[in-house]
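Residue-level structure breakdown
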Amino acid sequence: MRTKFGYRGREHKWRRMRHFPVALYFRVVASILEYELYNRAKSFKDASLQHIFLMNNIHYVAEKVKNSELQFILGEEWIRKPTKKFQQFVLNYERITWNPIHNILNDEGSDSNFVSKALLRKRLRSFYLAFEVVCWTQTTCSIADTQLREDLRNSAPLKVIHAYKKFVELHAHHISSKLNMYSNLQNRLLHLFEGSKLR
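What you see is a predicted model; the values in this text were computed from it and never measured.

Quick word on the overall build of the protein
Summing up its helical and strand segments, the protein has 10 helices and 0 strands in all. Beginning at the N terminus, the succession of helices and strands in the protein can be written as α-α-α-α-α-α-α-α-α-α. For the protein, long-range pairs separated by at least 24 residues make up 79% of all intrachain contacts whose partners lie at least 6 apart in sequence. A total accessible area of about 12,900 Å² is found for the protein, and carbon and sulfur atoms account for 56% of it.

Structural notes on the side chain of His51
Turning to its location among the elements, His51 is positioned in helix H3 (residues 47–66). A distance of 2.9 Å separates the side chain of His51 from the backbone oxygen of Ala47, its partner in a polar contact. With residues near it in sequence (within four places) discarded, His51 still touches Phe89, Asn92, Tyr93 and Ile96.

Notes on H3
For an α-helix, the turn length of 3.6 residues means that residues three or four places apart are oriented alike. With 20 residues, H3 extends 28 Å from end C-alpha to end C-alpha; this agrees with the ideal 28 Å at 1.5 Å per step. Along H3, the residues that are buried comprise Ser48, Leu49, His51, Ile52, Phe53, Leu54, Met55, Asn56, Ile58, His59, Ala62 and Val65. Between a side-chain oxygen at the N-terminus of H3 and the backbone nitrogen of Ser48 the separation is 2.7 Å; the capping residue is Asp46.

Observations concerning the packing of helix H7 (residues 117–138) against helix H10 (residues 182–189)
Geometry of a packed helix pair, given as the angle between the helix axes and the separation of the axes. The N-to-C vectors of H7 and H10 enclose an angle of 20°; their axes lie 10 Å apart at closest approach. One way to sum up the angle between H7 and H10 is to call them roughly parallel. The two elements H7 and H10 meet at a crossing, and its hand is left-handed. Residue-level inspection shows Phe127, Phe131, Glu132, Cys135 and Trp136 of H7 in contact with H10, the latter providing Leu185, Arg188 and Leu189.

Focus: the packing of aromatic side chains
The tally for this structure, following the rule as stated, stands at 8 aromatic pairs. Aromatic pair Phe44 and Phe53: ring centres 5.4 Å apart, planes at 45°, arrangement tilted. The class for Phe53 is buried, based on a relative accessible area of 14%. Between Phe127 and Tyr164, the aromatic rings sit 5.2 Å apart at their centres with planes inclined by 10°, giving stacked as the arrangement.

Regarding the environment of Leu49
With respect to the helices and strands, the residue Leu49 is situated in helix H3. The class for Leu49 is buried, based on a relative accessible area of 13%. When the C-alpha atoms of Leu49 and Thr137 are compared, they prove to be 8.3 Å apart, with 88 residues separating the residues in sequence. Apart from the residues lying within four places of it in its own chain, the contact partners of Leu49 are Phe44, Thr137, Gln138 and Cys141.

Side note on the packing of H7 against helix H9 (residues 156–170)
Following both chains from N to C, one finds H7 and H9 inclined at 165°, their axes separated by 13 Å at the closest point. On the basis of their axis angle, the class for H7 and H9 is roughly antiparallel. Between H7 and H9 the crossing geometry is left-handed. Across from Leu120, Arg123, Leu124, Phe127, Tyr128 and Phe131 in H7, the residues of H9 making contact are Val160, Ile161, Tyr164 and Phe167.

Comments concerning the confidence of the model for the protein
The predicted model of the protein has a mean per-residue pLDDT of 81, with 81% of residues at 70 or higher. When mean pLDDT is taken per element in the protein, helix H6 (residues 99–104) scores highest with 92 and helix H1 (residues 2–17) scores lowest with 48. Below pLDDT 50 for its whole length, residues 1–7 participates in 2 contacts with residues either more than four positions away or in separate chains.

Thoughts on a positive patch on the surface
Taken together, Lys117, Arg121, Lys122 and Arg125 make up a surface patch of like positive charges. Along the chain, Lys117 turns up in helix H7.

Comments concerning the pattern of salt bridges
Side chains that differ in charge, positive against negative, can pair when their charged atoms come close. Applying the stated criterion across every chain, the model contains 6 salt bridges. Lys66 is the partner of Glu63 in a salt bridge, and the nearest nitrogen-oxygen pair spans 3.2 Å. With Glu63 and Lys66 both in helix H3 and 3 residues apart, this pair spans about one turn of that helix. Judged by its relative accessible area of 28%, Glu63 falls in the partly exposed class. One salt bridge in this structure joins Arg153 and Glu150, with 2.9 Å as the shortest N-O distance. In this pair, Arg153 and Glu150 are both assigned in helix H8 (residues 146–153), 3 residues apart and thus about one turn of the helix distant.

The rules we used
The numbering scheme is per chain: residues are counted from 1 as the chain's sequence reads. A pLDDT threshold of at least 70 governs which residues receive local features in this predicted model, and a stricter bar of 80 or more applies before side-chain atom pairs are shown or counted, although totals over entire chains, interfaces and linings include all residues. Here the side-chain values reflect all heavy atoms present in the structure, with hydrogen atoms and water set aside. Elements are defined by DSSP. Helices are runs of H or I of four residues or more, strands are runs of E of two residues or more, and each kind is numbered from the N terminus. For this analysis, residues touch if any pair of their heavy atoms sits within 4.5 Å. In short, Shrake-Rupley with a 1.4 Å probe defines the accessible areas, and a residue's cover is counted only from the protein chains shown. Under the rule applied, a polar contact is a pair of N or O atoms within 3.5 Å (in protein, one hydrogen donor and one hydrogen acceptor; residues adjacent in sequence only if both atoms are side-chain atoms). Here the expected length of a helix is defined as 1.5 Å per residue gap, with one fewer gap than residues. Exposed residues in this analysis have more than 50% of their type's maximum accessible area, buried residues have under 20%, and partly exposed residues fall in between, with area computed by a 1.4 Å probe over protein chains only. In this analysis, axes come from line fits to C-alpha atoms, helices being fitted only over the stretch in contact, and the angle between any two N-to-C directions falls in the range 0 to 180 degrees. Any angle that falls under 35 degrees is termed roughly parallel, while one over 145 is termed roughly antiparallel, one within 65 to 115 roughly perpendicular, and all others oblique. By convention the crossing between two helices is left-handed if the near helix lies anticlockwise of the far one by an angle smaller than a right angle, and right-handed if it lies clockwise. Between 30 and 60 degrees the pair is tilted, below 30 it is stacked and above 60 it is edge-to-face, where a pair is any two Phe, Tyr or Trp rings, Trp via its six-membered ring, whose centres lie within 6.5 Å. Confidence scores per residue from the predictor, reported as pLDDT, run from 0 to 100. Here the term patch refers to residues with relative accessible area over 30% and no salt bridge, with like charges joined within 9 Å and nonpolar side chains (Val, Leu, Ile, Met, Phe, Trp, Tyr) within 5 Å. Every case where a carboxyl oxygen of Asp or Glu lies within 4 Å of a side-chain nitrogen of Lys or Arg is listed as a salt bridge. Here Asp and Glu are counted as negative and Lys and Arg as positive; His is not counted, and neither are the chain ends. Think of each charge as sitting on NZ of Lys, CZ of Arg, CG of Asp or CD of Glu.

As structure tokens, this is what we get:
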């Protein structure tokens, strides 16, 4: 009970400070840091890396604030803002990075019985190349937060691999088993955001 009371006492004290100049100071500092993050992100030529950088850092800041007394000073409304921005960065990352790869396998309006082997092989080669380029680039990124790293691996990239599996199954009578790289693609995802390139 003493610990609980002590926590509530500290929370009340920090909440009162929300209306003091020190709260304004923290908000200004947070805004400056965010502005610097946006500027730093521009140094990445690859748009995907820009969004990963922003996701990584905005998530870090939001978690640090939520787990400290700063949450009482800055207030819930302030905390919601970086959370919304983070979610938008995730959506932008998926759209820019993985949607174009997913679209290579788009089979809408096509009949698997009338698709040429040459066209299928061309699409698969395009898919493999695009997938490899993204993975090669993003193994250089480092995301320290284990849960965030796993969430990013298991969202859009995993959906792309599932789409690939469906594509291969649909055209199994035209695609050689040698061209089926399902296991290799899955293994590639395990190295995303580890901070070092695969050799």
